[in-house]
Amino acid sequence: MAGGLRHLIVPEMALAAEIDGKVVGATFCLPDYNPRIKKIDGRLFPFGFLRLLHNRQAIKKIRILAANVLPEYQLMGVGLVLLRALVPKAIEWGLEEAEFSWVAESNAQSRGALEKAGAKRIKTYRVYDWDPGTDG
């Protein structure tokens, strides 16, 4: 995944946690490029990609795409440590907001950890299944 996003990645926003030399968790964030993508109308070529990537540090919001911990370490607070380690980096970058939008509503463990860390839920996205062959 990182190879395809190498021009968008900010290395300081990708962290790993180790216990006894073994990587047990990782978190991966990107600046929120969505407002810039909207400004270029989604057109990267011929010059949209330059506007997208120019002065990334001016972006004041990140999207936390993943914070994964191996199952046997999930109750040890590794995820919270990873997220806490992002805070100084976020301050250095002058970030004002972080969005962790890919947490399933049914994932009580991750949601609970985020809420314990001070995250506030401001939106809920839901995916519904619809069978067009039935009424309703």
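Residues numbered from 1 in each chain as written. Predicted model: local features only at pLDDT ≥ 70, side-chain atom pairs only at ≥ 80, totals over all residues. Heavy atoms only, no water.

Draft legend 1. Examining the sheet that holds strand E3 (residues 61–69) more closely. Spatially, E1-E2-E3-E4 is the arrangement adopted by the four strands of the open sheet, whose pairing is mixed. Each of the sheet's edge strands pairs with one partner strand only, and the pair in question is strand E1 (14–19) and strand E4 (97–99). Averaged over neighbouring strand pairs, the angle between their axes works out to 25° when direction is ignored. Sheet analysis places E3 next to E4, joined by three bridges and oriented parallel. Looking at E4, one finds that Arg 63 is bridged to Glu 99. Packed on one face of the sheet, helix H3 (residues 78–93) meets E1, strand E2 (22–31) and E3 and runs near 135° to E1. (Pairing = 2+ DSSP bridges. Helix = DSSP H or I, 4+ residues; strand = E, 2+ residues; numbered from the N terminus. Axes fitted to C-alpha atoms, helices over the stretch in contact; angles between N-to-C directions. Contact = heavy atoms within 4.5 Å.)

Draft legend 2. Region of the structure containing the nonpolar core. Counting residues in each nonpolar core, the largest one holds 19 residues, and the members touching the most others are Met 13, Cys 29, Ile 62, Val 78, Leu 86 and Leu 95. For this core, the elements supplying multiple residues, two or more each, are E1, E2, E3 and H3. It is H3 that provides the largest number of residues to this core, a total of six residues. Look past the residues within four positions of Cys 29 in its chain and what remains in contact with it is Met 13, Ile 62, Arg 63, Ile 64, Leu 65 and Leu 86. (Core = buried A, V, L, I, M, F, W, Y, C linked by side-chain atoms within 4.5 Å. Buried < 20%, exposed > 50% of the residue type's maximum accessible area, 1.4 Å probe, protein only.)

Draft legend 3. Structural view of the packing of aromatic side chains. All chains considered together, the criterion is met by one aromatic pair. Look at Phe 45 and Phe 49: their rings are 5.9 Å apart centre to centre, the planes differ by 50°, and that puts the pair in the tilted class. Its relative accessible area of 67% is what places Phe 45 among the exposed residues. (Phe/Tyr/Trp six-rings, centres within 6.5 Å; stacked < 30°, edge-to-face > 60°.)

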